[in-house]
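Fold and geometry: a report
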Amino acid sequence: MAENWILVTGGSGYVGSHTIVELYKAGYKAVVIDNLVNSETESIKRVRKLVGHDFPFYSVDLLDVESLVEVFKKHKFQCVIHIAGLKAVGESVQKPLEYYKNNVGGTINLLEVMKQFNLYSMIFSSSATVYGFPQYLPIDEKHPAGSCTNPYGKTKWFIENILQDLCHSSDIWKVIILRYFNPIGAHESGTIGEDPSGIPNNLMPYIAQVGVGKNPCLSVFGQDYDTPDGTGVRDYLHIIDLADGHVKALKALKNECQTFNLGTGQGYSVLQMIKAFEKASGKTVNYKICSRRYGDVDTMYADASLAKKVLGWEAKRGLPEMCEDLWRWQVNNPQGYRTEQKM
């Protein structure tokens with residue numbers, strides 16, 4: 001690898017921080033930018049310690065083109081792994097303009113600066129939300145997409161279309177779109193993990209906070225879905241497996257736009273996730289059944305066979321390991337990155 005510097009946008013966040021660790025394990029080097037709206041610089045310090053390298057970090061917003069250009073002037077990149085973006089579904093409904101401006105506008109700025117510096121390779125962090133309500137299961141990449149139920153999902157879909165149009169306009173672009181299902185867990189060291197600001201939007205961080213006593217009770221939204229126990233079923237994968245998907249994608253870039261699901265192909269219900277976490281942690285998770293949330297579907301899980309065939313990627317870690325690693329992170333960091341780590 002003559003040029004193995006990778007620019008990671010959103011690199012101090014949950015997915016970004018774990019991806020950097022896997023990049024270094026594979027022999028790549030990272031430069032990180034993040035506007036720190038939903039993350040802490042403490043994660044960068046811990047990742048540097050994990051990988052044994054003092055990689056560059058810049059507090060840069062993708063809406064700030066001048067600062068972005070300065071980063072590109074200082075480094076020559078092989079590829080951009082674009083993870084940065086606002087991601088709270090509920091908030092996106094309340095603040096659609098903010099989401100479109102940040103996610104779509106920021107990505108356009110990034111692509112324009114990449115073009116200015118003759119960099120045409122990108123791995124984009126997308127989401128299974130682009131599929132909307134499942135028409136069949138498991139969901140493969142040929143499943144109809146674009147019927148998104150919220151502005152967050154729409155921003156991912158719009159960006160996917162922009163990237164596809166770029167690749168159609170010129171065969172110089174190399175793009176891989178990764179549609180994430182539900183990443184959970186943490187690095188096995190317990191030093192980096194998911195650190196949501198405020199009330200968690202996702203199930204497992206909330207369960208972990210109930211387990212550690214930070215929140216008193218979990219709200220389970222709906223118990224009348226067409227599933228074995230009435231609660232919603234989703235495809236959860238370990239964050240390290242997800243991070244490894246980005247490394248595998250780097251090696252598979254070619255002059256076109258390719259799209260891959262990253263998931264396990266296995267669905268678990270909310271109540272199954274609670275029980276698995278209780279087994280891993282030895283804690284009881286208090287929960288109450290509430291009414292359904294608008295836009296939630298009964299069951300959703302991936303067909304990730306294309307990623308296995310083309311990228312040589314598949315999820316390796318099971319549900320017990322996901323829950324054990326999550327609990328280790330939560331116990332070591334009950335207040336996230338804002339507390340001293342217990343060792």
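Residues numbered from 1 in each chain as written. Predicted model: local features only at pLDDT ≥ 70, side-chain atom pairs only at ≥ 80, totals over all residues. Heavy atoms only, no water.

**Here we look at the packing of aromatic side chains**
The full count for this structure, using the stated rule, is 7 aromatic pairs. In textbook terms, an aromatic cluster arises when at least three aromatic residues are bridged by ring pairs, as seen for F72, F77 and F117. Looking at R292, its charged tip hangs above the ring of Y225, at a distance of 3.9 Å from the centre. (Phe/Tyr/Trp six-rings, centres within 6.5 Å; stacked < 30°, edge-to-face > 60°. Lys NZ or Arg CZ within 6 Å of the ring centre and 35° of its normal.)

**Concerning the nonpolar core**
Judged by nonpolar contacts, the single largest core of 71 residues is most densely connected at I123, I176, L178, M204, L218, L250 and F277. What I123 contacts, discounting residues up to four positions off in sequence, is C79, V80, I81, H82, I176, L178, H246, A249, L250 and L253. Counting residues in each nonpolar core, the second largest holds 28 residues, with Y58, V60, V113 and L119 among its members. (Core = buried A, V, L, I, M, F, W, Y, C linked by side-chain atoms within 4.5 Å. Buried < 20%, exposed > 50% of the residue type's maximum accessible area, 1.4 Å probe, protein only. Contact = heavy atoms within 4.5 Å.)

**A word on the UniProt feature "domain: NAD(P)-binding" (unreviewed entry) in the protein chain**
Residues annotated in UniProt with the feature "domain: NAD(P)-binding" (unreviewed entry) correspond here to residues 7-325. As annotated, residues 7-325 has a helix share of 39% and a strand share of 18%, and its two end C-alpha atoms lie 27 Å apart. (UniProt positions renumbered as here; feature names shortened; annotations may be inferred. Helix = DSSP H or I, 4+ residues; strand = E, 2+ residues; numbered from the N terminus.)

**Brief notes about helix α7 (residues 203-211)**
With 9 of 9 residues buried, α7 lies mostly within the body of the structure. Those residues of α7 hidden inside the fold are in contact with β7 (182-184), β8 (218-221), β9 (233-238), α9 (270-281) and α11 (319-332). One or two positions beyond α7, positive phi appears at G213, with a value near 90°.

**A look at the side chain of N103**
Mapped onto the elements, N103 comes out in helix α5 (residues 96-116). Reaching out from N103, the side chain makes a polar contact with the backbone nitrogen of L86 at a distance of 2.9 Å. Apart from residues no more than four positions distant in its own chain, N103 is found in contact with G85, L86, Y152, T155 and I159. (Polar contact = N/O pair within 3.5 Å; in protein donor to acceptor, adjacent residues only side chain to side chain.)

**Some details on the packing of α7 against α11**
Close contact between α7 and α11 brings their axes to 10 Å; oriented N to C, the two are set at 55°. What the angle tells us is that α7 and α11 run oblique. Viewed along their axes, α7 and α11 form a crossing whose handedness is right-handed. Side by side, α7 and α11 meet where M204, P205, A208, Q209 and G211 of the first sit next to C323, L326, W327 and Q330 of the second. Classifying every residue of the contact of α7 with α11 by side-chain character gives 6 nonpolar, 3 polar and no charged. (Axes fitted to C-alpha atoms, helices over the stretch in contact; angles between N-to-C directions. Parallel < 35°, antiparallel > 145°, perpendicular 65-115°, else oblique. Left-handed = near helix turned anticlockwise from the far one by under 90°. Nonpolar A, V, L, I, M, F, W, Y, C, P; charged D, E, K, R; others polar.)

**Details of the environment of G52**
Among the secondary structure elements, G52 is positioned in the loop between α2 (41-51) and β3 (57-58). Taking C-alpha positions, G52 is 32 Å from Q116, a pair spaced 64 residues apart along the chain.

**Details of the pattern of salt bridges**
Per the stated rule, a full pass over the model turns up 16 salt bridges. For E42, the salt bridge goes to R46, with nearest N and O atoms at 2.9 Å. Residue E42 and its partner R46 are both found in helix α2; the two are separated by 4 residues, about one turn of the helix. Note on R46: relative accessible area 6%, which makes it buried. A salt bridge links R317 to E321; the shortest N-O distance between them is 3.8 Å. A residue is classified by how much of its surface remains accessible, and R317, at 24% relative accessible area, is partly exposed. Residue classification places E321 among the partly exposed positions, given a relative accessible area of 31%. (Salt bridge = Lys/Arg side-chain N within 4 Å of Asp/Glu carboxyl O.)

**Some details on the pairing of strand β1 (residues 5-9)**
The buried fraction of β1 amounts to 4 of the 5 residues, a majority that puts the element mostly inside the structure. The pairing of β1 with strand β2 (residues 29-33) spans 5 bridges and is classified as parallel. Residue pairing in the sheet places L7 in a bridge with V31 of β2. Judged from the 4 bridges that link them, β1 and strand β4 (residues 79-82) form a sheet pairing that is parallel. When the bridges of β4 are listed, T9 appears paired with H82. (Pairing = 2+ DSSP bridges.)

**Brief notes about the packing of helix α1 (residues 14-25) against helix α8 (residues 239-250)**
Packing of α1 against α8 brings their axes to within 8 Å, and their N-to-C directions diverge by 60°. Relative to α8, the element α1 lies oblique. Handedness of the α1/α8 crossing: right-handed. Side by side, α1 and α8 meet where Y14, V15, H18, T19, E22 and L23 of the first sit next to I239, I240, L242, A243, D244, H246, V247 and L250 of the second. Among the residues making up the contact of α1 with α8, the classes are represented as 9 nonpolar, 3 polar and 2 charged.

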